Amino acid sequence: MAEALHRFVAAFSLQNLAKWDARLDGLAALDVGIIHHSSRTPGITVGEVRRILDIPNSTLSSAVNRLERRGLVRRVINAEDRRSYGLVVTEKGLAVEEAHRALDQRLAELCCQALPDEKQRALFMRTLERVARELKQG
């Protein structure tokens, strides 16, 4: 099982996101996740992103600093409490999110091509959803 899972993940070559789209060059999965959640909820607080991604403050802070330097996100003072910061995705960051959504779509297409039978695809999707749900519940 472990070897099959390793081959499945390796088949996508996700350690090099630029292979899929140049707009993803130099970004890690964490970076893409931060941009994704920030683009879905403009002004989302840094604390909310940390909770969603379940990562330490220091890890998130380093990643946000990196993304700010690249011009992909901006920290803004939270208008509600004026003590915390929210994240806003820049135009350049929105292009990254567009590339991310396209990559997700492409990966889904590749999975569907590998499972040409609708019944197999449905079972695969249900299994993925179940595994994701179980892992999230910890």
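Everything discussed here concerns the structure shown above.
Residues numbered from 1 in each chain as written. Predicted model: local features only at pLDDT ≥ 70, side-chain atom pairs only at ≥ 80, totals over all residues. Heavy atoms only, no water.

A. How the structure looks around the overall build of the protein chain. Of the regular secondary structure elements, the protein chain holds 6 helices and 2 strands. Secondary structure elements of the protein chain, listed N to C terminal, follow the sequence α-α-α-α-β-β-α-α. With respect to the principal axes defined by its C-alpha atoms, the protein chain has extents near 55 × 35 × 25 Å. A burial count over the protein chain gives 27% of its 138 residues as buried. For the protein chain, the proportion of contacts with a sequence separation of at least 24, taken over those separated by at least 6, is 50%. Accessible surface for the protein chain amounts to roughly 9,500 Å². Of this, 55% is attributable to carbon and sulfur atoms. Once the 22 positive and 18 negative side-chain charges of the protein chain are each reduced to a mean point, those two points are 2 Å apart. (Helix = DSSP H or I, 4+ residues; strand = E, 2+ residues; numbered from the N terminus. Buried < 20%, exposed > 50% of the residue type's maximum accessible area, 1.4 Å probe, protein only. Contact = heavy atoms within 4.5 Å. Areas by Shrake-Rupley, 256 points an atom, 1.4 Å probe, with all protein chains shown as cover. Lys, Arg positive; Asp, Glu negative; His and termini not counted. Charge placed at Lys NZ, Arg CZ, Asp CG, Glu CD.)

B. Structural context of helix α2 (residues 29-40). For α2, spanning 12 residues, the distance from its first C-alpha to its last is 16 Å, which sits close to the expected 16 Å at 1.5 Å a residue. Listed in full, the buried residues belonging to α2 are Asp31, Val32, Gly33, Ile34, Ile35, His36, His37 and Ser38. Of the surrounding secondary structure, the elements contacted by the buried residues of α2 are α3 (46-53), α4 (57-69), β1 (73-77), β2 (85-89) and α5 (91-114). (Expected span 1.5 Å × (residues − 1).)

C. Up close: the packing of aromatic side chains. Tallying each qualifying case throughout the model produces 1 aromatic pair. Judged by centre distance (6.2 Å) and plane angle (65°), the rings of phenylalanine 8 and phenylalanine 124 are edge-to-face. With phenylalanine 8 in helix α1 (residues 2-11) and phenylalanine 124 in helix α6 (residues 118-137), this pair connects stretches of sequence that are 116 residues apart. Of the residues examined, phenylalanine 8 reaches a relative accessible area of 34% and is grouped as partly exposed. (Phe/Tyr/Trp six-rings, centres within 6.5 Å; stacked < 30°, edge-to-face > 60°.)

D. Structural view of unusual backbone geometry. The phi torsion at aspartate 54 lies on the positive side, around 55°, for a residue other than glycine. Mapping aspartate 54 onto the fold places it in the loop between α3 and α4. Aspartate 54 gets classed as exposed once you look at its relative accessible area, which sits at 67%.

E. Representation of the pattern of salt bridges. For the structure on display, the rule yields 8 salt bridges. Across the pair arginine 106 and glutamate 109 runs a salt bridge, and its minimum N-O distance is 3.6 Å. Taken together, the residues span about one helical turn, with arginine 106 and glutamate 109 both in helix α5 at a distance of 3 residues. Linked through salt bridges whose partners overlap, the residues forming this network are Asp21, Arg23 and Glu98. (Salt bridge = Lys/Arg side-chain N within 4 Å of Asp/Glu carboxyl O.)

F. A look at the side chain of glutamate 97. The residue glutamate 97 is located in helix α5 in this model. Those residues within four positions of glutamate 97 in sequence are excluded, and the remaining contacts are Val32, Ile35, His36 and Ser39.

Functional significance is not addressed by these values, which are geometric in nature.
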